[in-house]
Amino acid sequence: MSEPKAPTPTPAGDTYKGWVFKWTNYIKGYQRRWFVLSNGLLSYYRTQAEMGHTCRGTINLATANITVDDACNFMISNGGAQTYHLKASCEVERQKWITALELAKAKAARMMGSHASKRGTVAGKSEESLYLVMLGSKVEDLSTCNDLISKHGSALQRSLSELDNLTLTGEAGEKIRQVTERATLFRITSNAMINACRDFLSMAQTHSKRWQKALQAEREQRVRLEETLEQLAKQHNHLERAFRGAAQANASADSKSISGPGKGEVSDDDDNEFFDAMEEAPEFITVPADPQFHKSVSTSCFIVCFCTRIFRELVPLKKRRTRIPDKPNYSLNLWSIMKNCIGKELSKIPMPVNFNEPISMLQRLSEDLEYHELLDKAAKSHNSLEQMCYVAAFCVSAYSTTVYRTGKPFNPLLGETYELDRQRESGYRSLCEQVSHHPPAAAHHAISDRGWTLRQEITVASKFRGKYLSIMPLGTIHAIFEKSNNHYTWKKVTTTVHNIIVGKLWIDQSGEIDVVNHTTGDRCHLKFAPYSYFSRDVARKVTGVVMDKTGKAHYVLSGTWDEKMEFSRVMQSSRGGENGTEGRQKTVYQTLKAKELWRRNPLPDGAETMYYFTALALTLNEPEEGVAPTDSRLRPDQRLMEDGRWDEANAEKQRLEEKQRTARREREREALNQRSSSTSEEARWFEHTEDKITGEAVHVYKGGYWEAKDQGKWEDCPDIF
């Protein structure tokens, strides 16, 4: 039976539609399907009527491969489970589809790249900036057309050369020669146009980047000036109100002392209007005994206070370091150390610094705040289910820093602390303390002036199994949002380090996480798929579903823990599809287009020689003034390792561990003398209590650290280094 002739695909802006034959199976063969190309996505339907409700499949062209099989057949694959074998009704129609697909693919790839590099929204950009963006897009389109002309021109020339080699006589041979000559002229003209286009592209791209940098610098400077002027206006208003209030109060007191009550009193309605500011005035006004000097001294005090506050707000942010010394290339007989560790708890086994990276476990825990802006966005969210999506993305983002980090952090000493003060840059302050030695446990508390608090106590259990090392974090993480009073909890998944003895080390994350909102009952179930050689899924895959307290799904999350996470709003769900591992049917979710929640920041230049540290990790061990004497930055063996002096670091590490063992024996001796079983492992900044949400025994921040830092009072800190 012959199929009716398919209509020619019709372009509509960036949309391309038409009938194409798609391979279904060996029984039905090719079947006619309605294909729609829009916004870098190729979707298909059985009929045009299905477009409003049922999509049979979609491929993202940004990462797809497009190949041509023969005159009418072509194939599209995303490198995974999706592959479309398609057939057009004729060669011309196939070429139209190929051209449209290649243009859409190039545009989608550019859009993906621009989303990765741009964090702001287009809404805040000026008209000139929008014009530059549109101009850049058109220049990229011109570049794509340039490549296509070159590609198809070369193919045409090859075909004509093959025809020219055929032995033809008479009129046919003459026609072939004429076509060849015209094709040669076309090729010469096309090459000239291509060279002109290439020169134009080069000049346009060069000047476009220069204009964009200049515009961005001007925009940033304008924003800074506007913020400064706003602060100055507020300060001026506050200063004027307080000064008038003080002047009015003193004028009233002077008139009473000279004339007495009811005599010679002067009424000033303007001053009375500002009298309420006297409540704030005593903070920075001192009234001298002689009223003659009151006005000048008060004004001077105002000016001094005003200038001090302005100076504090305009002091530039501290410039953080962007490099550390390169990692030395020291050889080590790994098996000679690890063969005695099989089946044992690694935290109890002394290890050389050769296995470490130059930060402590407390600093590694603070690195969870690498993507704190996800919590900032969650704090602004008015919808608890949408807020759950950001919290879940933050939970996943904490693992993105581990993908290449095969080094082991230093085990903190009992009483060791680490502060991460980023209040001026990012709005948060973080404090960690090692609250227990056996089992090793670290307590962490971070608070942000953008409306969230994060706290956790993590105990790490690890086992060496011969070929791989399993690291199991134990403990619960809490995120509390001030505005909505939503309280979230979740736990961490298992980290596995493979190829401990032979081969290149690599890390995998596997397990399941339940993020629970204890205020509303909302829940997000995340699944970290373990790596499998036989799996068709993308490596390091993470999937999740956000549900309300009734179990109804509202959002679907998908992505990878080392790259990005996206979320899609669920419009409808149904049972169907392939059976699950336990014989149950999988739930099929019909969703809207996915939106990006989070994307990993690129590593700094030269990260492979700096332990694959992120931009934040490079600053964690940077020396800072005013920190507690127990801070990890002051740990000598860790500092020696960072400087590349590993032999000295190993010796210093043994000294510190022996000092800690001696201190523990002393505590045990004191406990025995007092006939107590406690060894008095009391934390300095955290108190031991029962968590009201989980019922677990935890350490919670009791306050006082930042006040002690402001005053420089560290007398109660133990001598651990």
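The structure presented is a predicted model; accordingly, all values stated were derived computationally and were not measured. Here the residue index of a chain counts from 1 through its sequence in written order. Reporting of local features is limited, given that this is a predicted model, to residues whose pLDDT is at least 70; pairs of side-chain atoms are given and counted only at 80 or more, and all residues count toward the totals for whole chains, interfaces and linings. Here the side-chain values reflect all heavy atoms present in the structure, with hydrogen atoms and water set aside.

1. Quick look at the overall build of the chain
Part 1 of the argument: Strands are runs of DSSP state E lasting at least 2 residues, helices are runs of H or I lasting at least 4, and numbering of each runs from the N terminus. Secondary structure summary: the chain contains 14 helices and 27 strands in total.
Part 2 of the argument: The buried share of the chain, reckoned over its 721 residues, is 40%.
Part 3 of the argument: Summed over its atoms, the accessible surface of the chain is roughly 41,400 Å², and 53% of this surface lies on carbon and sulfur atoms. Only protein chains enter the accessibility calculation, which uses a 1.4 Å probe. A residue is then buried if its area is under 20% of the maximum for its type, exposed if over 50%, and partly exposed in between. Here the accessible surface of atoms and residues is derived via Shrake-Rupley with a 1.4 Å probe, and residues count as covered only by protein chains that are part of the display.

2. A few points about the nonpolar core
Across soluble globular proteins, nonpolar side chains have a tendency to be buried as a group.
Part 1 of the argument: Membership of the largest hydrophobic core comes to 64 residues, with the highest contact counts inside it found for Trp490, Leu526 and Leu557.
Part 2 of the argument: Counting residues per element, this core draws most heavily on helix H9 (residues 384-397), which supplies ten residues.
Part 3 of the argument: Contacts are assigned to residue pairs that have any heavy atoms within 4.5 Å of one another. What Leu526 contacts, discounting residues up to four positions off in sequence, is Ala392, Cys395, Val396, Gly511, Glu512, Ile513, Val515, Val542, Thr543, Gly544 and Leu557.
Part 4 of the argument: Only buried residues count toward a nonpolar core, which is a set of Ala, Val, Leu, Ile, Met, Phe, Trp, Tyr and Cys residues joined through side-chain atoms within 4.5 Å. The next biggest cluster of nonpolar side chains, apart from the first, holds 20 residues, and it includes Val20, Leu86, Trp97 and Ile98.

3. Some thoughts on the UniProt feature "coiled-coil region" (unreviewed entry) in the chain
Part 1 of the argument: Mapped onto the present numbering, the UniProt feature "coiled-coil region" (unreviewed entry) falls at residues 208-242.
Part 2 of the argument: The span residues 208-242 carries 100% helix and 0% strand; its end-to-end C-alpha distance comes to 51 Å. UniProt positions are given in the numbering used here, feature names are shortened, and annotations may be inferred rather than shown by experiment.

4. Regarding a nonpolar patch on the surface
Part 1 of the argument: Each patch is built from residues lacking any salt bridge and having more than 30% relative accessible area; the joining distance is 9 Å for like charges and 5 Å for nonpolar side chains (Val, Leu, Ile, Met, Phe, Trp, Tyr). Salt bridges are counted wherever a side-chain nitrogen of Lys or Arg sits within 4 Å of a carboxyl oxygen of Asp or Glu. Taken together, the side chains of Tyr531, Tyr533 and Phe534 make up a nonpolar region of the molecular surface, amounting to roughly 470 Å² of accessible area.
Part 2 of the argument: Along the chain, the position of Phe534 falls in the loop between strand S20 (523-528) and strand S21 (541-547).

5. Let's talk about the pattern of salt bridges
Part 1 of the argument: Going through the model one piece at a time under the given rule, you end up with 36 salt bridges.
Part 2 of the argument: Close ionic contact of Arg320 with Glu624 constitutes a salt bridge, the shortest N to O distance being 2.9 Å. One end of the pair, Arg320, is in the loop between helix H5 (294-314) and helix H6 (334-338); the other, Glu624, is in the loop between helix H11 (617-620) and helix H12 (636-642), and 304 residues separate them in sequence.

6. Regarding H9
Part 1 of the argument: End to end, H9 covers 20 Å across 14 residues, agreeing with the expected 20 Å (1.5 Å per residue, within 8%).
Part 2 of the argument: Along H9, the residues that are buried comprise Leu385, Gln387, Met388, Cys389, Tyr390, Val391, Ala392, Ala393, Phe394, Cys395, Val396 and Ser397.
Part 3 of the argument: Throughout this description, a polar contact denotes any pair of N or O atoms lying within 3.5 Å of each other; where both atoms belong to protein, one of them has to be capable of donating a hydrogen while the other can accept it, and for residues adjacent in sequence the pair is counted only when both atoms sit in side chains. Between the side-chain oxygen of the N-cap and the backbone nitrogen of Leu385 there are 2.8 Å, and the N-cap of H9 in question is Asn383. One less than the number of residues in a helix, times 1.5 Å, gives the span that helix is expected to have.

7. As for the environment of Leu101
Part 1 of the argument: Relative to the elements of secondary structure, Leu101 occurs in helix H1 (residues 91-117).
Part 2 of the argument: Accessibility expressed as a relative area gives 0% for Leu101, which makes it buried.
Part 3 of the argument: Separated by 25 residues in the primary sequence, Leu101 and Ile76 have C-alpha atoms spaced 9.5 Å apart.
Part 4 of the argument: With sequence-adjacent residues up to four places away left out, Leu101 is seen in contact with Leu37, Leu42, Leu61, Ile66, Phe74 and Ile76.

8. Examining the pairing of strand S14 (residues 452-464)
Part 1 of the argument: Here S14 lies mainly inside the structure; eleven of its 13 residues are buried.
Part 2 of the argument: DSSP-based pairing: two strands are paired if at least 2 bridges between them are found. By the bridge criterion, eight bridges tie strand S13 (residues 441-448) to S14 in an arrangement that is antiparallel. Paired with Ile447 across the two strands is Thr453, which belongs to S14.
Part 3 of the argument: Hairpin connection of S13 to S14: three residues between the antiparallel strands, including Gly451 at a positive phi of 100°.
Part 4 of the argument: As paired strands, S14 and strand S16 (residues 477-481) are joined by five bridges and run antiparallel to one another.

9. With respect to unusual backbone geometry
Of all residues except glycine, most have a negative phi; of all peptide bonds, most are trans.
Part 1 of the argument: The step from His438 to Pro439 runs through a cis peptide bond, and the omega angle for that step is 0°.
Part 2 of the argument: When you line up the elements, Pro439 lands in the loop between strand S12 (428-436) and S13.

10. Focus: the environment of Ala64
Part 1 of the argument: Within the secondary structure layout, Ala64 lies in the loop between strand S5 (57-60) and strand S6 (65-68).
Part 2 of the argument: A C-alpha to C-alpha distance of 9.3 Å links Ala64 and Thr83, two positions 19 residues apart in sequence.

11. Points about the packing of helix H8 (residues 373-380) against H9
Part 1 of the argument: Axis angles are defined between N-to-C directions and span 0 to 180 degrees, where every axis is a line fitted to C-alpha atoms and, for a helix, only to the segment in contact. Put simply, H8 and H9 touch, their axes get as near as 8 Å, and they point 170° apart. Classified by the angle their axes make, H8 and H9 are roughly antiparallel. On the side of H8, the interface is formed by Leu374, Leu375, Lys377, Ala378 and Ala379, while H9 contributes Gln387, Tyr390, Val391, Ala393, Phe394 and Ser397. Orientation labels follow simple angle bins: below 35 degrees gives roughly parallel, above 145 gives roughly antiparallel, 65 to 115 gives roughly perpendicular, and whatever is left gives oblique.

12. Structural notes on the packing of aromatic side chains
Part 1 of the argument: Only centres within 6.5 Å qualify two rings of Phe, Tyr or Trp (six-membered ring in Trp) as a pair; their planes then separate them into stacked at under 30 degrees, edge-to-face at over 60, and tilted for everything else. Summed over the entire model, instances satisfying the criterion amount to 22 aromatic pairs.
Part 2 of the argument: A ring pair is formed by Tyr399 and Phe528, whose centres lie 5.3 Å apart and whose planes are at 70°; its orientation type is edge-to-face. Here the residue Tyr399 occupies a position in the loop between H9 and strand S10 (408-410), and Phe528 occupies one in strand S20, the gap between them amounting to 129 residues.
Part 3 of the argument: Overall, Phe528 belongs to the buried group, its relative accessible area being 1%.
Part 4 of the argument: Aromatic ring contacts, followed pair by pair, group Trp685, Tyr705, Trp706 and Trp714 into a single cluster.
Part 5 of the argument: Ring-over charges, as used throughout, are those where CZ of Arg or NZ of Lys falls within 6 Å of the ring centre and within 35 degrees of the ring normal. One residue, Lys492, lies across the ring of Tyr399, its end atom 5.6 Å from the ring centre.
Part 6 of the argument: Just above the ring of Trp561 sits the side chain of Arg540; from NZ or CZ to the centre is 5.7 Å.

13. Examining H8
Part 1 of the argument: Regarding H8, the residues found buried are Leu374, Leu375, Asp376, Ala378 and Ala379.
Part 2 of the argument: Where the residues of H8 are buried, they touch H9, helix H10 (423-426), S13, S14, S16 and strand S25 (595-599).

14. A short note on the state of the cysteines
Part 1 of the argument: Our working definition of a disulfide is a cysteine sulfur pair at a distance within 2.5 Å. Under the defined criterion, the tally for this structure stands at zero disulfides.
Part 2 of the argument: Looking at Cys90, it has no disulfide partner, and the nearest cysteine sulfur is the one in Cys72, 6.6 Å off.

15. Focus on the confidence of the model for the chain
Part 1 of the argument: For the chain, the average pLDDT comes to 80, and 78% of its residues sit at 70 or higher.
Part 2 of the argument: Note that pLDDT drops below 50 for residues 1-7; the model gives that stretch six contacts with residues more than four away or on any other chain.
Part 3 of the argument: Contacts for the low-pLDDT stretch residues 257-297, under 50 throughout, to residues beyond four places or in other chains number 37 contacts. pLDDT measures the predictor's confidence residue by residue and takes values from 0 up to 100.

16. With respect to the side chain of Ser470
Part 1 of the argument: Note that Ser470 resides in strand S15 (residues 468-474).
Part 2 of the argument: Residue Ser470 is classed as buried on the basis of its relative accessible area of 10%.
Part 3 of the argument: Sequence-distant contacts of Ser470, defined by excluding residues within four places in its chain, comprise Ala461, Ser462, Lys463, Thr495 and Thr496.

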